[in-house]
Each structure stands twice: as structure tokens, then as C-alpha cells.
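Fold and geometry: a report
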Amino acid sequence: MPRSQSEVRPAHSQWGDWRWQMQNRIHSADALEDWIDPTDDERAAIEKTSDVFRWNVTPYYAQLMDPTDPSCPIRRQVVPTTDELAGDIVDELDPLDETGHSPVKNLVHNYEDRVAFCVTAECAVYCRYCLRKRMVGDASYFMRTDEHQAAIDYIAEHDEIRDVLLTGGDPLTFNEDNLEWLLSRLRAIDHVELIRFGTRMPVKLPYRITEDLCDLLERYHPIWINTHFNHPKELTDEAAAAIDRLKQAGVPVGNQTVLLEGINDDPDTMKALNEGLVRMRVRPYYLYQAQVIGGTAHMRTPIEVGMHLMRRLRGRTSGFAIPTYVLDTPHGKVPLNRSYVKGRAGAYVLMETYDGTLWAEPNPVPDGMKPPLQLPTVECPADVDTIPIRKEVTGAETNEEEPTAPVSAGEGGAGAGRSLE
Ligand code: SF4
């Protein structure tokens, strides 16, 4: 029978100590019973997936789970089910060919000016959809000091690298001494302008964001952090306090969400998540289409679901609460947008607004100019909404004395209800 939070928390005076949380992670179905009623399927999966992908959960993250609802979005992210063992469309475990883009161990050099440096294979909690299932939790991907140094040497030898992402695994599983070792060496390289962290610690173990850590980060600016909240239930007071400590240290914080079936793939959840992030002063950055990785079919959605979600956000919340929906590929990230821009109709560019209204923006191409990109040629519907412009601009007959637009002014003020003639 699960114990309530109030029963468990006071029992542990070290509850807010991140090291205590790491040392007391839950590793078995029996231990998980302190928090939830695991289903028979969850119990079986914890055992049967143990040689496929590591499993453990921090007590902090476990207390966010609904004890009786197996569809709880926190549970779904981290407690395995036997769906992970069902057949998938691929066995692929490295869909971005990160291995092929790694000149030295755990250093992914895909974009010319940036590298992802997977400094550890350790995480506080193991997300069941993880992009790096092939390496995360696997001891052979942990790095020795000489391997860290080899990656730093590579960065030092490539002066085109201006941006280093420290990722993993989770780099904030390192203690301050190890982080300082890395940061001091990277900062000593003149061409490294920006150091970024990719970490789920504010989500899975916000107590890791200590004052000592923030003091350390502050010494090596510019440091940016991208974290990874997936659901509004993760936006706790503890998480907000961790973000606040980072902000006090001058660290900009962005968020990357993964689109997950049954967890955050509906407009209300996605809107609540992103608005909650903005309230915490975290900028929603990317919404990732879940990568095709064997054993995650039950967590992936068709791309149309994500595109629909994005359409439902646009115009219905603050612009900076809307992330960019992307798919990562071995050739870089692709924004998954159905274009709002339909094409060029003479002196107008025809587009669709968030609510489906067609708008013709007056936007003539100056004589003799060849734009660097050609829009498809389209016809404007006769009743399209627009702003009146002078006839001569569109090639229509000119009336010098009283210029009239080739569009008719309609009712309702600027931009409302006007159409091309
Ligand atoms: S925190 Fe990131 S690297 Fe670690 S298991 Fe989750 S998604 Fe993978």
C-alpha cells in the first residue's frame, strides 16, 4: 500500500539533499510499492526490461506519481510497461547517427560550429523514450578523465566550434569538483563562446540546483541551460525554486519538451505546460517529435498530432509560450510547420492566419529586385481580406488626382473585411 507524501517526507530529514535522493533511488518494483500500486504489467516490465534499458526513480519524482492511476503522465514517462518489449517498426537505437558523427568518444560534431559533449551516461531517472537509450545507463559510455581530456583537446583543435552543449546522460549528476574541472578547461579555449547544459535535474531532482552549483555556473558565464519538462504536473514549487536559483545566477533557462502519446499530446495539456513554464520564467524552446527508437512505439504520435497542437497554440497564448515543433534528423533539425504562407499573388503575399482567415499582405517586389527565395505563384480569392494600396503598384490603371487602391475598402476599420478587386 503506497504511503502518503506526508508519511514519507518527514521520515527523511535529508529529503531536500540531492545526494540523499540519488543514493536512495528506487530500483525495484517492491521498493516502488512505497509510492504507487504497480500493476502486474509494470512489475513484469521492471524485471524484463532490466537488460534493455536501465530503470530507477528518485523519491522526489516518485512522489509526483498518481498511486492508483497507471495512465498518470509521470508514471508513463518513467515506469516501464511490457509495451517496450513489443515489436517496433525499427530496432534502431541511434536514429541521428550520433555514433557516426563522433570523432572521439561521446563527442557529437554534427553542426559545424557546435558540439554535443555527452560527458556522462548517468541520469537521475531514466526516461522510457530516451533518445540515447543506446548509451544512457550503460557503463561502457561512462568517461574516464583521459577520455574527457581527448574530447576537450578535439574542441581546442577545432576553432570553428563556438558552442559546446554539455549533455549525457545528465551532466548535473557530476559534483561541483568534476563540473569545475570541465568548465575551467572549456573556458580556457578562446573560440568557445557559449557553454550550454542539457539537464532534466530541475524536473527529476530540483534539489540538485544548489547555491554552490549556481555560484560555480556564475563564474563561467555565458552559461545557458535547457531543461526538459513534459507535463504540468512537473511544475512544482520545488522546480520553480530551482529555476529561480538559476535565474538569480544569471543563467537563461529554456525548455525542450518531447511530444508523447497520452502524456502531453492534447492542446490543453500543452498550453498549460508552456504557460506554466513562462510563469516560471522558462522559455519554451523546442517541442520535439519523439524519435523512432525501438521499443517506444507506444509513446510516439503521428506528426499530424504535433502539427495540430501547434495550430491550436498559435493565437491562443502568448507568442513566447509557443515552442518550435521540430524533428531531429541525422542532417539537422527540421521545423515541422505547415506553412502559413501560401504564395505570391502579384503585389501581395497570401497567407493564412491562426484562425484560418486568408490575409493578403501588400508586399510588392521593387522593380529589378530578384528575391533570394521564390514563393509559389497563387491567385488571391476575390474576397480575401487585405489593406488597400494604390492601383499603380499592382499594375492597374492609375488615377493621379485621387489615387485609389486596387482593393475596395469594406466595413469595420483597418484590415477588416476588405477584399482585392
Ligand atoms: S534525462 Fe535525458 S538523457 Fe537521461 S534518460 Fe531522460 S531523456 Fe535520456
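None of the values given here were measured: they were computed from a predicted structure.

The secondary structure content of the protein chain amounts to 14 helices and 15 strands. Oriented by its inertia axes, the alpha-carbon framework of the protein chain measures out at about 85 × 55 × 45 Å. Evaluated residue by residue, the protein chain yields a buried proportion of 34% over its 421 residues. By sequence separation, contacts in the protein chain at least 24 residues apart represent 74% of the contacts at least 6 residues apart.

Pairing of strand S10 (residues 341–345) with strand S11 (residues 348–352), which is carried by four bridges, proceeds in the antiparallel orientation. Paired with Ala345 across the strands is Tyr348, a residue of S11. With antiparallel pairing between neighbouring strands as the criterion, S10 and S11 make up a hairpin whose turn holds two residues, including Gly346 at a positive phi of roughly 65 degrees.

Looking now at the domain arrangement of the protein chain. For the protein chain, the assigned domains read domain 1 (5–71), domain 2 (107–335) and domain 3 (339–421). Of note, the centres of domain 1 and domain 2, computed from C-alpha atoms alone, are 23 Å apart. If you list the elements that add at least two residues to the side of domain 1 that touches domain 2, you get helix H2 (18–23) and helix H5 (59–62). The greatest single-element share of the side of domain 1 that touches domain 2, amounting to three residues, is contributed by H2.

Turning our eyes to something else, we now look at the sheet that holds strand S8 (residues 324–329). Spatial ordering of the open sheet is given by S1-S2-S3-S4-S5-S6-S7-S8-S9, a layout of nine strands whose pairing is mixed. Single-partner strands in this sheet number two, and they are strand S1 (107–108) and strand S9 (332–335). Direction of pairing for strand S7 (residues 283–289) relative to S8: parallel, over a ladder of three bridges. Among the inter-strand pairings, Leu287 is bridged to a residue of S8, identified as Tyr325.

What follows is about unusual backbone geometry. A cis amide bond links Gly168 to the next residue, Gly169, at an omega of 10 degrees. You can see Gly169 is positioned in the loop between strand S3 (163–167) and helix H8 (176–187). Across the junction of His221 and Pro222, the peptide omega takes the value 0 degrees, indicating a cis bond. Inspection of the secondary structure puts Pro222 in the loop between helix H10 (211–218) and strand S5 (223–227). For Asn106, which is not glycine, the phi dihedral falls at a positive 65 degrees. The phi dihedral of Arg281 falls on the positive side, at around 65 degrees, and the residue is not glycine. Residue position: Arg281 is located in the loop between helix H12 (267–279) and S7.

Before going further, it helps to examine the site of the ligand. The environment of the ligand is made up of Cys123, Tyr126, Cys127, Cys130, Arg132, Val136, Gly168, Gly169, Asp170 and Arg200. In the shell around the ligand, the residues fall into five nonpolar, two polar and three charged.

Helix length check: H12 (13 residues) gives 18 Å between terminal C-alpha atoms against 18 Å at 1.5 Å per residue, within 8%. Taken together, the buried positions of H12 are Met270, Leu273, Asn274, Gly276 and Leu277. Projected onto a plane normal to the axis of H12, the buried residues spread over an arc of 160 degrees and lie on a single side. Facing away from the buried side of H12 by over 90 degrees, the exposed positions are Asp268 and Arg279. Lining the buried residues of H12 we find strand S6 (253–259), S7 and helix H13 (303–313). Phi turns positive, to about 65 degrees, at Arg281, one or two residues after H12.

Bringing helix H11 (residues 237–248) into the picture now. Over its twelve residues, H11 extends 16 Å from the first C-alpha to the last, a length consistent with the 16 Å expected when each residue adds 1.5 Å. Buried within H11 are the following residues: Ala239, Ala242, Ile243 and Leu246. Mapping the buried residues of H11 onto a view down its axis gives an arc of 95 degrees, with all of them on the same face. Opposite the buried face of H11, at more than 90 degrees from it, the exposed residues are Asp237 and Gln248. Remark: Gly250 follows H11 within two positions and exhibits a positive phi of approximately 80 degrees.

Reading the values: the criteria
- Residues numbered from 1 in each chain as written.
- Predicted model: local features only at pLDDT ≥ 70, side-chain atom pairs only at ≥ 80, totals over all residues.
- Helix = DSSP H or I, 4+ residues; strand = E, 2+ residues; numbered from the N terminus.
- Buried ≥ 20, exposed ≤ 12 C-beta atoms within 10 Å, placed from the backbone.
- Contact = placed C-beta atoms within 7 Å.
- Pairing = 2+ DSSP bridges.
- Domains from an automatic or database assignment.
- Near = placed C-beta within 6 Å.
- Nonpolar A, V, L, I, M, F, W, Y, C, P; charged D, E, K, R; others polar.
- Expected span 1.5 Å × (residues − 1).
- Arc of directions from axis to C-beta.

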